[in-house]
Amino acid sequence: MANDDVYVLGIDQSTQGTKALLFDTQGKLIDKAALPHRQIINERGYVEHDLNEIASNVIGVVKTLIDKDSSRAQKIATVGLSVQRETVGAWRKSTLEPLYNAIVWQCARGAEFVSRPEVKAQAKRIREITGLELSEYFSAAKITWLVDNVPEVKACAERNDLCIGNMDSFLVSFLTHGRSFATEPSNASRTQLMDLKALSWSEELCSLFKVPLSALPEIKDSDSEFGFTDFNGLLKHEIPIHAAIGDSQGALFGHGCSKPGQVKTTYGTGSSIMMNSGDRVSSCEHGIVNSVGWRRQGRTTYVLEGNINYSAGIISYLKDDMQLIADPSETEALARAANPNDRSYFVPALSGLGAPYFNGNVRGSILGISRLTGKKEIVRAALDSIAYQVSDILSLIRKSSDVQITQLCVDGGATKNSYLMQFQSDLVRLPLKVPSDAELSGKGAAFMAAIAMEIYDEIILDQHENESFFEPVADEKEISEKVEGWHKAIASTIEYGL
Ligand SMILES: O=P(O)(O)OC[C@H](O)CO
């Protein structure tokens, strides 16, 4: 088959849904399909996903693409998988039958275990081994919960019939009908079970978190051949799954941030701010963690990352809960029309504050209101809070690394808001690059697979079309006064919350 007659597939299995993206040999996105899945949330706030529903959606999105043009069934040459991170499942090795729903990254059910004194006493050691703060956010404590609460998990472990893994290894198992069971370091580094330098499972941590080591997948390079699939007969032939990556790292790769010092921010419900930190694990400030970006052809790229609990999600809150707006697109005009003399701040601690404050008890606030403060000003303060939080994390990343940052690449729905993008650029004093393509995570996975298969040349990572830029223009003194006000607002909110 001539190389100009092939397509590359990216699967983006994220928290809210599953997408299939089809790229041509020039790397142009030619079609996509998406399916949502249920968010299963119980009265205790535990968050789960049905693994069978997700597996069937992966097939469903590929089917939609094939149904539109059946010639695609023989032209797709490879697939890369990008997945929500930390979410973890357990299934039978022999039948692939899930033993429980996947426990989603947002789910705090591991909190009791990580707060036990004997576990907390290991926090420093855990950080030394994994680069991560001890937290129920990562997969390890979620697995502990599965082992302690789902009898079949223990029983299958005893019979050597257990697989435990993140969404990448689950999909690899499912798509290859159990012939492969493998993960890679960008996902494994978010489990809190992987030795960040050795890139292997830590026996010490598996024992601490009661994780049966033999049930964990093999850790391969991110651009390895993970096995072959024909998507349950949808394709005319089996194709190699030639990349797997965590979605945030996939977006970094999709942005083309392949050099140290390159940074991206994703504006989702929360935000991940991530910098390529090169081939070494850096020492970093409290609030920032080290993870693996990817390992390709035997070479590891590390990243520094900070996460915000509530960033662009505040726009949905304005719409659904406060009912101040009918549609997110209204926020830009409202913010631009806001009174410049209004000094109100919106601290969006709707589910506590993440990095760098890490305070789960604090509740949100709106401060500094006056007769100047109305709907427009509240909307602007909410948008500004997104940019302030990103800027706080970026300051920590800057302190953690001596590599100079020269640009911030951004993605996610909120990048359409040019008021927000301009304010972000003014705050971080960096040019912002907004790509025209919205699907950075799936693109990153697809491109990684296609480069590994020599369908694309590495140079494709630097080729972007129709991107837009924002340059810092605001007066620096004015910005630093605003930032000072923001930090006072945060401090007062935390004081009240405690
Ligand atoms: O599915 P997303 O895009 O919300 O990303 C989830 C992250 O990977 C969680 O760490």
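Computed from a prediction, not measured in an experiment: that's the story for all the values here.

Caption draft 1: Structural detail: the confidence of the model for the protein chain. Confidence in the prediction of the protein chain, expressed as mean pLDDT, is 93, and 99% of residues score 70 or more. Reported confidence for the predicted complex is 0.97 by ipTM and 0.92 by pTM.

Caption draft 2: Spotlight on the sheet that holds strand β18 (residues 289-296). Sheet architecture is open: 7 strands sit in the order β18-β19-β17-β16-β22-β23-β24, paired in mixed fashion. Every interior strand has two partners, whereas the edge strands, β18 and β24 (468-470), have only one. Within this sheet the neighbouring strands show an average axis-to-axis angle of 30 degrees, counted without direction. Inspection of the sheet shows β18 paired to strand β19 (residues 299-308) by 7 bridges, in the antiparallel sense. Residue pairing in the sheet places Asn290 in a bridge with Leu304 of β19. Sitting on the sheet, helix α11 (residues 247-254) touches β16 (263-267), β17 (271-278), β18, β19 and β22 (408-411), and the angle it makes with β18 is about 60 degrees.

Caption draft 3: Summary view of a nonpolar patch on the surface. Together, Met322, Ile366 and Ile369 give the surface a local cluster of nonpolar side chains, amounting to about 250 Å² of exposed area. Taking the relative accessible area as the measure of exposure, Ile366 reaches 33% and is therefore partly exposed.

Caption draft 4: Layout of the site of the ligand. Near the ligand, the surroundings consist of Ser14, Thr15, Gln84, Arg85, Glu86, Trp105, Tyr137 and Asp247. Within the side chain of Thr15, an N or O atom sits 2.5 Å from an oxygen atom of the ligand. Relative to its unbound accessible surface of 310 Å², the ligand loses 74% to contact with the protein. Grouping the amino acids of the shell around the ligand by side-chain chemistry returns 2 nonpolar, 3 polar and 3 charged.

Caption draft 5: Expanded view of the UniProt feature "domain: Carbohydrate kinase FGGY N-terminal" (unreviewed entry) in the protein chain. The residues that UniProt annotates with the feature "domain: Carbohydrate kinase FGGY N-terminal" (unreviewed entry) are residues 7-254. Helix makes up 34% of residues 7-254 and strand 26%, with an end-to-end C-alpha separation of 17 Å.

Caption draft 6: Geometry of the pairing of strand β3 (residues 29-36). Relative to β3, strand β2 (residues 17-23) runs antiparallel, the two sharing 7 bridges. Along β3, the bridge assignment pairs Lys19 with Ala34.

Parameters at a glance
Residues numbered from 1 in each chain as written. Predicted model: local features only at pLDDT ≥ 70, side-chain atom pairs only at ≥ 80, totals over all residues. Heavy atoms only, no water. pLDDT = per-residue confidence, 0-100. Pairing = 2+ DSSP bridges. Helix = DSSP H or I, 4+ residues; strand = E, 2+ residues; numbered from the N terminus. Axes fitted to C-alpha atoms, helices over the stretch in contact; angles between N-to-C directions. Contact = heavy atoms within 4.5 Å. Patch = residues over 30% accessible without salt bridge, like charges linked within 9 Å, V, L, I, M, F, W, Y side chains within 5 Å. Areas by Shrake-Rupley, 256 points an atom, 1.4 Å probe, with all protein chains shown as cover. Salt bridge = Lys/Arg side-chain N within 4 Å of Asp/Glu carboxyl O. Buried < 20%, exposed > 50% of the residue type's maximum accessible area, 1.4 Å probe, protein only. Near = heavy atom within 4 Å. Polar contact = N/O pair within 3.5 Å; in protein donor to acceptor, adjacent residues only side chain to side chain. Nonpolar A, V, L, I, M, F, W, Y, C, P; charged D, E, K, R; others polar. UniProt positions renumbered as here; feature names shortened; annotations may be inferred.

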